[in-house]
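Geometric and topological summary
Here's the letter readout for the chains.
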Amino acid sequence: RRFLYAVNEDNTFQGKPGGSVTAFSIDEKTGQLKLLNQVSTGGPGPCHVSLDKTGKWLFVANYGGGSIAAYPVHDDGSLGESSAFVQHKGSSVNPRQRGPHAHSANISPDNKFVLFADLGLDQILTYRIDEGKLPPGDPPFSKIAPGSGPRHMAFHPKGKFAYVVNEIAATVTACAYDASNGSLKELQTVSIVPNDYPGAKGAAEIAVHPNGKFVYASNRDTSNKGNDVITAFAVDPVKGTLTEVEHTQVGKIPRNFAIDPTGRFLFEANQDGASVLVYRIDSKTGKLTSTGDKLDVPLPVCVVFR
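Right, let's walk through the structure included here. What you are looking at is a predicted structure, and each value in this text was computed from that prediction instead of being measured.

1. Let's talk about the pairing of strand 12 (residues 123-128)
Within strand 12, five of the six residues are buried, which leaves it mostly tucked inside the rest of the structure. The hairpin turn running from strand 11 (residues 113-118) into strand 12, its antiparallel successor, is four residues long, and D122 in that turn takes a positive phi close to 55 degrees.

2. Description of the sheet that holds strand 21 (residues 242-249)
Spatial strand order, 18-19-20-21: four strands in an open sheet with antiparallel pairing. The strands lining the two open edges of the sheet, one partner per strand, are strand 18 (203-208) and strand 21. Neighbour-to-neighbour, the strand axes of this sheet turn through a mean angle of 20 degrees, independent of strand direction. Where strand 20 (residues 229-235) and strand 21 come together, seven bridges link them in antiparallel fashion. Counterpart to A232 in the pairing with strand 21 is E246.

3. Looking at the packing of aromatic side chains
Counted according to the given criterion, the structure contains three aromatic pairs. Seen from their ring centres, F267 and F305 are 5.3 Å apart, and the 70 degrees between their planes marks the pair as edge-to-face. Here the residue F267 occupies a position in strand 23 (residues 265-270), and F305 occupies one in the segment after strand 25 (288-296), the gap between them amounting to 38 residues. Its relative accessible area of 32% is what places F305 among the partly exposed residues.

4. Re the side chain of D52
The topology assignment puts D52 in the loop between strand 6 (46-51) and strand 7 (57-62). Only 2.8 Å separates the side chain of D52 from the side chain of T54, close enough to count as a polar contact. A distance of 3.1 Å separates a polar side-chain atom of D52 from the backbone nitrogen of K56.

5. Remarks on the nonpolar core
The nonpolar side chains of soluble globular proteins are, as a tendency, buried together. Y163, V172, I206, V215 and L242 are the most contacted members of the largest nonpolar core, which has 17 residues in total. Of all elements in the fold, only strand 15 (161-166), strand 16 (171-178), strand 18, strand 19 (214-219) and strand 20 reach the threshold of two or more residues within this core.

6. Digging into the sheet that holds strand 11
Read from one edge of the open sheet, four strands run 10-11-12-13, paired in antiparallel fashion. A single partner strand is all that each edge strand has here, and the edge strands are strand 10 (102-107) and strand 13 (136-143). Mean inter-strand twist for the sheet, computed between neighbouring axes without regard to direction, equals 20 degrees. As judged from the four bridges shared by strand 12 and strand 13, these two strands associate in the antiparallel manner. The partner of Y127 across the bridge, within strand 13, is P136.

Thresholds, definitions, all that
Residues numbered from 1 in each chain as written. Predicted model: local features only at pLDDT ≥ 70, side-chain atom pairs only at ≥ 80, totals over all residues. Heavy atoms only, no water. Buried < 20%, exposed > 50% of the residue type's maximum accessible area, 1.4 Å probe, protein only. Helix = DSSP H or I, 4+ residues; strand = E, 2+ residues; numbered from the N terminus. Pairing = 2+ DSSP bridges. Axes fitted to C-alpha atoms, helices over the stretch in contact; angles between N-to-C directions. Phe/Tyr/Trp six-rings, centres within 6.5 Å; stacked < 30°, edge-to-face > 60°. Polar contact = N/O pair within 3.5 Å; in protein donor to acceptor, adjacent residues only side chain to side chain. Core = buried A, V, L, I, M, F, W, Y, C linked by side-chain atoms within 4.5 Å.

Rendered as structure tokens:
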């Protein structure tokens with residue numbers, strides 16, 4: 001936890017097509033960041049970055065170009081040039097899905113695979129973490145229902161289940177995870193928003209509570225009617241399926257949220273609300289209660305705990 005990596009959602013870097021990813025060192029006492037280096041992601045609009053569990057390899061999803069890339073992490077925290085680059089191809093049924101849009105890089109619990117959610121293809125594409133070479137899994141992808149738009153993923157602490165938040169449909173797909181080949185099998189798909197929901201659909205983030213009993217997912221009301229919600233679901237410990245607990249109306253455009261390591265609080269980043277709001281989590285029911293605490297910050301899109 002000595003370093004931090006951030007993608008820069010640009011379309012050009014050093015005069016060439018593609019965005020970039022930046023490496024920082026973290027001061028142990030103050031938490032301040034020091035720039036180490038910056039490298040090209042090879043494709044436009046990078047939106048998500050993750051590290052494997054050894055900290056030796058970094059993975060990037062390029063939303064704009066629908067491509068993915070891998071990088072070696074040096075001992076000093078800086079990044080080497082890309083060790084692998086894959087251009088996704090294809091489309092799906094929604095007008096937003098005329099081409100691939102890689103949206104997140106998700107490391108499997110056993111650190112053998114990296115699963116990329118591609119919004120444009122309605123697929124979760126699996127690659128082996130093989131010294132940064134990214135050979136495709138067998139099967140190479142798992143299908144999500146047409147028009148769903150898979151965005152982010154979260155694994156259950158026990159590693160048997162995974163949950164995919166679908167941006168376009170505003171749904172969560174519960175899946176059984178096969179650790180032998182990195183594939184997913186759909187168990188259930190549930191809506192994040194109520195049946196009579198009056199706003200626009202635009203699901204954003206998903207997280208599994210550290211105790212494995214609850215899943216949370218956010219929806220952004222992009223119609224600006226103020227119907228932004230985070231929905232809590234209870235997890236069946238045997239089946240992995242979800243049961244709705246409650247919808248909590250939250251701030252404006254909850255693009256991201258994070259549960260603190262103790263599992264007691266949820267921190268919600270409101271991109272258009274220019275704030276981070278804090279909610280107390282009931283460990284027995286999974287319900288959220290506002291603490292009244294508010295951090296004013298411009299355009300927050302990601303919260304990460306060190």
